[in-house]
Every structure is written in C-alpha cells, then in structure tokens.
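Now for the letters of each chain:
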Amino acid sequence: MGKQPTMTEGAGTRAVTVEEYVAARASAGLAEVFGAIAAAARQIERKIRLAGLGDIYGAGSIYGAAGVVNVQGEQQQKLDVFANDLLTELLRGVASVAAVVSEEDEGPVVFERGSGVRDSDAEFVVVFDPLDGSSNIDVNVNVGTIFSVVRRVGDVVASVLRAGTEQVAAGYVLYGPSAVMVMTLGEGVAAFTLDEEDRFVLTAEGMTMPEQGPYYSANQANAASWPEVYREFVRGLVAGELGGQEYGARYIGSLVADFHRTLLKGGVFLYPPTKKAPRGKLRLLYEAYPLAMVAEQAGGAAVDGEMRILEVRAAGIHDRTPLVIGSRTEVEALRKAVLKTAEEVE
Ligand code: FDP
C-alpha cells in the first residue's frame, strides 16, 4: 500500500491519525464522528483479538449467540451486541450526531441532546453495520464494521432514505491480521492501520482499484438459483472470455473482507438475486451504499445488476439489494449483459 505518509511536527515527523486527516479536510464535527468510530473500532478489535482467551463453549465466552434474535430474525452474536452498543454510545457522545441507524436496531436511535447542545449542531446521521460477517466470528475469520455518514435533513429516516450519492463519508474497518480502516470523504480513498499505540494511522492515500482483476467472489452454492445471466457471466470469467484472463474464485463470506481483497487486487464480488432472496441478501443503506462509495472513489463500480448502486433508492432502512461491486471492467460487462437480457425479455 505504498510508503507511510508522515506529517511534519517540529523537528521530527509523526504518523497522521484518521481524526487529524479528517479534521484537515472536513469539519471538526465530521472529525469527531471519525474519532468515535475509531475509538469503537479499537475496542471491537481488542475484543475480537482476545475472544479466544475466553471459554469458547462456556457461558463466559464472547463467541457464540447472545440468545437474542435481531430485527432480521437472525441470532445476534455476543460481539454483534457489544459492537452495536459501543458504536451507539460513543456516537451519542458526539454533538454533531443527531441519530444512528444500525443493522441491529429496528428503527433509528435518536439522541436527546442536553442543554448546551443546539439541535441544529447535530448535523449528521451515522448508519452502520456494527459487525458484518458475523457467521465468521466463531471461527476466528475476518469480520468488519461498515459505516456511512449522511447529513440530517429534517426527519432522520428521510435523511437516510436519500440516494447513496448523498453520503458525506463512508468506509469500513476490517478486523484481520491487522485492523484497517478504509474510508472516503468523497475525494479519493485512504486507509489507516491500527498501530502499536492503538491509533489508526494513515498507510495509503489515493487508493485505486485495478481496472480488471484476477478473482470473482460469490457464494457459488447459490448459482443454481441465480438468474441465468449471472451464471453465464461467471462461466465466461472462468473460461477467459473477458479479455483472455481466466478468473480464479475467492470467497470468505464476510462482505468487508471480500470487498477489501477486491479493492486491492481487483476483480468482482457478486451477491445476485436468488430464488430465496429475489431482492438479494445484502443491505442497501449500511452495506451496499458505503462500499459502493468507496469503490467508485477508487475508480471501481457497483451496480444492483442494472442500476448504479448509489442511485438505487430504499423504501425502508433495512432494504436489501443484489450487489455486483469491484473493478470497472467486470462490473460494466455484467451490467451490459443484464440490460441485454432485460431487453430480450421485453
Ligand atoms: P453474515 O450473514 O455472516 O453476517 O451481510 C451479511 C453477510 O454475512 C456478508 O458479510 C456476507 O458477504 C454474506 O452475508 C454471506 O452470505 P452467504 O452466507 O449467503 O454467502
């Protein structure tokens, strides 16, 4: 990811933290939002890193189900609950945040502001998936936090139901061999790595996704229930029909991790519609929108099949979408094929 950029400070140099990076390019209010997300991510990373030291199977374990079913009807994991509560509480402490919208909560959590904080100061709503890829928690495989920041325009729900193009900032934290925050303020993509002093420090700027990549990433077990055009697309990739390159497959099953590899190495991640989930599985507001913003800012693309993801509109905060995201060459080729199929059907 290139040389670590530094900031001159007196006679020496020091690493640039994510809070400083945002403060230098945007408002103090947005820098505080990133400060809270970074603080939560530090604690989530530590909890994940030390999870194995607990009793995996016993009552004291951090792994496993919390015994609670979330609004999507899924078992919440203990770490999901931890990450959700932590992000909510730390963002509650930021005066510029009016509310949060989380995968784990049925509706928005709107913050009551005490005296001294004007309502108009709370200009942002933060939307997040606190721990994406939760089925990987039990097995010590990458998980992540995905977030999106939008400006509050009156009602909180109306604010987040605007198009993805309205996002002020977006990104994710990947908890992996190292913890990395990848983010955009709408002008390029930067990455920050958690260092030994527990700071997210700038490790890459102006990140770009390769024009075309070596991998496709999809849950191939669903292929029989994908629309034919997706099956044919993947068959063509493997057969070397897109520019002569024969694609390999990579699928972790954690969106953040699969996306991160796609960002760095190129290629395409796809979660098409299936018979069971005709509108796809992934969530528009807190999975597809933020990753699509990062992808586009890195020169990649993201579509729901036919439409640019950032222009797809949600009717509800937990709406799902099919998602095809990654290098421009593959995403455009898939989109053309889907549009052609739709024309033929008409
Ligand atoms: P998970 O169910 O483990 O939380 O959105 C959730 C997600 O993971 C994504 O992180 C991942 O890309 C996808 O679902 C995996 O779905 P499949 O198990 O159907 O492949």
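For clarity, every value in this text was computed on a predicted model and none was experimentally measured.

Student: Please explain the environment of Glu 306 as it appears in this structure.
Tutor: Along the polypeptide, Glu 306 turns up in the loop between strand S17 (301-303) and strand S18 (320-321). Residue classification places Glu 306 among the partly exposed residues on the basis of a relative accessible area of 39%. A sequence separation of 32 residues divides Glu 306 from Val 338, and the C-alpha atoms of the two residues are 6.3 Å apart. Setting aside its immediate chain neighbours within four residues, Glu 306 contacts Arg 335, Val 338, Leu 339 and Ala 342.

Student: Looking at this model, I keep getting lost on the sheet that holds strand S14 (residues 248-249). Mind explaining?
Tutor: The strands that make up a sheet pair up through hydrogen bonds in the backbone, lying either parallel or antiparallel. Taken in spatial order, the 5 strands make up an open sheet running S14-S13-S15-S19-S17, and their pairing is mixed. Of all the strands in the sheet, the pair left with one neighbour each is S14 and S17. The sheet contact formed by S17 and strand S19 (residues 323-326) spans 3 bridges and is antiparallel. Each residue of the ladder has a partner; that of Ala 301, found in S19, is Gly 326. Lying on the sheet, helix H6 (residues 255-265) is in contact with strand S13 (215-217), strand S15 (267-271) and S19; it crosses S15 at an angle near 155°. Running over the sheet, helix H8 (residues 328-345) touches S15, S17 and S19 and is turned about 25° from S17.

Student: Looking at this structure, how should I read the site of the ligand?
Tutor: Inspection of the region around the ligand gives 13 residues, with Ser 135, Asn 219, Tyr 251, Tyr 271 and Glu 287 positioned closest. For the ligand, the accessible surface in isolation is 460 Å², of which the surrounding protein chains cover 82%. Here the shell around the ligand is composed, by residue class, of 4 nonpolar, 6 polar and 3 charged.

Student: Looking at this structure, how should I read helix H7 (residues 284-297)?
Tutor: Side chains that are three or four residues apart share a direction in an α-helix, a result of its 3.6 residues per turn. The element H7 is largely enclosed, with a buried count of 12 among its 14 residues. In the stretch just after H7, Gly 299 is the one whose phi turns positive, near 90°.

Student: Can you walk me through helix H5 (residues 228-238) in this structure?
Tutor: Here H5 has its buried residues at Val 229, Tyr 230, Phe 233, Val 234, Gly 236 and Leu 237. Projection of H5 onto a plane perpendicular to its axis shows the buried side chains occupying an angular sector of 160°, all on one side. On its buried face, H5 sits against S13, S15, S19 and H8.

Student: Would you mind going over the environment of Glu 332 with me for this structure?
Tutor: The topology assignment puts Glu 332 in helix H8. Exposure remark for Glu 332: the relative accessible area of 28% places this residue in the partly exposed category. Through-space distance from the C-alpha of Glu 332 to that of Ala 302 is 8.8 Å; in sequence the pair is 30 residues apart.

Student: Teacher, can you tell me more about the nonpolar core here?
Tutor: Grouped burial of nonpolar side chains is what soluble globular proteins tend to show. Among the nonpolar cores identified, the biggest contains 46 residues, and Tyr 172, Phe 259 and Leu 285 are the most heavily contacted of them. Counting residues per element, this core draws most heavily on H7, at 10 residues. Apart from the residues within four sequence positions on either side, Phe 259 is in contact with Tyr 172, Met 209, Leu 291, Val 294, Ala 295 and Ile 325. Within the second largest apolar cluster, 44 residues are counted, among which are Ile 37, Ile 48, Val 173 and Met 183.

Student: What exactly am I supposed to notice about the packing of aromatic side chains here?
Tutor: The geometry of an aromatic ring pair comes down to the distance between the two centres and the angle between the two planes. Counted under the stated rule, the structure contains 4 aromatic pairs. Their ring planes at 20° and their centres at 6.4 Å tell us that Tyr 251 and Phe 269 sit as a pair that is stacked. Note that Tyr 251 is positioned in the loop between S14 and H6 and Phe 269 in strand S15, a separation of 18 residues in sequence. Note on Tyr 251: relative accessible area 34%, which makes it partly exposed. Look at Phe 269 and you get buried, because its relative accessible area is 2%. Note that Arg 25 overlies the ring of Tyr 21, its terminal NZ or CZ placed 3.7 Å from the centroid. Positioned over the ring face of Phe 82 is Lys 47, at 4.7 Å from the centre of the ring.

Student: Is there a simple way to explain the pairing of strand S7 (residues 124-132) in this structure?
Tutor: On any regular strand, side chains alternate: one points to one face of the sheet, the next to the other face. Extensive coverage of S7 is indicated by the burial of 9 of its 9 residues. Two strands pair when backbone bridges link them, and strand S5 (residues 97-102) and S7 are joined in this way by 5 bridges, in the parallel orientation. The residue bridging Ala 99 from the neighbouring strand is Val 125, located in S7. Examined bridge by bridge, S7 and strand S8 (residues 143-151) share 7 bridges and lie antiparallel to one another.

Student: Help me understand a nonpolar patch on the surface in this model?
Tutor: Together, Val 139, Val 141 and Ile 252 line one region of the surface with nonpolar side chains, adding up to about 210 Å² of accessible area. Its location among the elements puts Ile 252 in the loop between S14 and H6. Look at Ile 252 and you get partly exposed, because its relative accessible area is 32%.

Student: Hey, could you run me through the side chain of His 318 in this one?
Tutor: Following the sequence through the fold, His 318 ends up in the loop between S17 and S18. Looking at His 318, its side chain comes within polar contact range of the main-chain oxygen of Asp 105, at 2.9 Å.

Student: Explain the packing of helix H1 (residues 18-25) against helix H2 (residues 28-50) to me, please; I cannot follow it from the model alone.
Tutor: Geometry of a packed helix pair, given as the angle between the helix axes and the separation of the axes. Where H1 contacts H2, the two axes come as close as 8 Å, and the packing angle between them is 165°. On the basis of their axis angle, the class for H1 and H2 is roughly antiparallel. Of the two possible hands of crossing, H1 and H2 adopt the one that is right-handed. Of H2, the residues touching H1 (which contributes Val 18, Glu 19, Val 22 and Ala 23) are Leu 30, Ala 31, Phe 34, Gly 35, Ala 38 and Arg 42. Of the residues contributing to the contact of H1 with H2, the split by class is 7 nonpolar, 1 polar and 2 charged.

What counts, and at which threshold
Residues numbered from 1 in each chain as written. Predicted model: local features only at pLDDT ≥ 70, side-chain atom pairs only at ≥ 80, totals over all residues. Heavy atoms only, no water. Helix = DSSP H or I, 4+ residues; strand = E, 2+ residues; numbered from the N terminus. Buried < 20%, exposed > 50% of the residue type's maximum accessible area, 1.4 Å probe, protein only. Contact = heavy atoms within 4.5 Å. Pairing = 2+ DSSP bridges. Axes fitted to C-alpha atoms, helices over the stretch in contact; angles between N-to-C directions. Near = heavy atom within 4 Å. Areas by Shrake-Rupley, 256 points an atom, 1.4 Å probe, with all protein chains shown as cover. Nonpolar A, V, L, I, M, F, W, Y, C, P; charged D, E, K, R; others polar. Arc of directions from axis to C-beta. Core = buried A, V, L, I, M, F, W, Y, C linked by side-chain atoms within 4.5 Å. Phe/Tyr/Trp six-rings, centres within 6.5 Å; stacked < 30°, edge-to-face > 60°. Lys NZ or Arg CZ within 6 Å of the ring centre and 35° of its normal. Patch = residues over 30% accessible without salt bridge, like charges linked within 9 Å, V, L, I, M, F, W, Y side chains within 5 Å. Salt bridge = Lys/Arg side-chain N within 4 Å of Asp/Glu carboxyl O. Polar contact = N/O pair within 3.5 Å; in protein donor to acceptor, adjacent residues only side chain to side chain. Parallel < 35°, antiparallel > 145°, perpendicular 65-115°, else oblique. Left-handed = near helix turned anticlockwise from the far one by under 90°.

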